[in-house]
Amino acid sequence: MSERHHLSAYDRERAVGRLEAGQSVTTVAAAMGVSMNIISRLKKAAEGGNALKRHDKGRGRNTTPLEDRYVALVAKGNRNLTLG
């Protein structure tokens, strides 16, 4: 049996509803015919975790805006350091 790796908006909502009802990731994935990775990411996103989100194009994002701000501040501070 082949598994799907993408869900429509309707199916995403159904999966999140099943997860909120207490079903396990494995059960939801088997019932909907998708890979467990997809359902696991939906669960993480629904719980407010740092799920890997896709933007319009390009690579996924796996840092939060707060982490991005910290990295930018550290880089700005390190610009004035001299070697030696």
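Residues numbered from 1 in each chain as written. Predicted model: local features only at pLDDT ≥ 70, side-chain atom pairs only at ≥ 80, totals over all residues. Heavy atoms only, no water.

*Asks:* Pulling in residues and values, what's your account of the overall build of the protein?
*Replies:* Along the backbone of the protein there are 4 helices and 0 strands. Taking all 84 residues of the protein together, the buried fraction comes to 19%. For the protein, the share of sequence-separated contacts (at least 6 apart) that also reach a separation of at least 24 residues comes to 36%. Carbon and sulfur atoms make up 53% of the accessible area of the protein, which totals about 6,900 Å². (Helix = DSSP H or I, 4+ residues; strand = E, 2+ residues; numbered from the N terminus. Buried < 20%, exposed > 50% of the residue type's maximum accessible area, 1.4 Å probe, protein only. Contact = heavy atoms within 4.5 Å. Areas by Shrake-Rupley, 256 points an atom, 1.4 Å probe, with all protein chains shown as cover.)

*Asks:* Give me the nonpolar core: which residues, what numbers.
*Replies:* The biggest cluster of nonpolar side chains holds 12 residues, and these are L7, A15, V16, L19, V25, V28, A29, M32, V34, I38, I39 and L42. Among the secondary structure elements, those contributing two or more residues to this core are α1 (9-20), α2 (25-32) and α3 (36-46). Counting residues per element, this core draws most heavily on α2, which supplies 4 residues. (Core = buried A, V, L, I, M, F, W, Y, C linked by side-chain atoms within 4.5 Å.)

*Asks:* I'd like a description of the pattern of salt bridges, backed by residues and values.
*Replies:* Inspection of every chain in the model, using the stated rule, returns 1 salt bridge. Note that D11 and R14 form a salt bridge whose closest N and O atoms lie 3.2 Å from each other. Remark: R14 and D11 occur in helix α1; sequence separation between them is 3 residues, near one turn of the helix. For R14, a relative accessible area of 35% corresponds to the partly exposed category. (Salt bridge = Lys/Arg side-chain N within 4 Å of Asp/Glu carboxyl O.)

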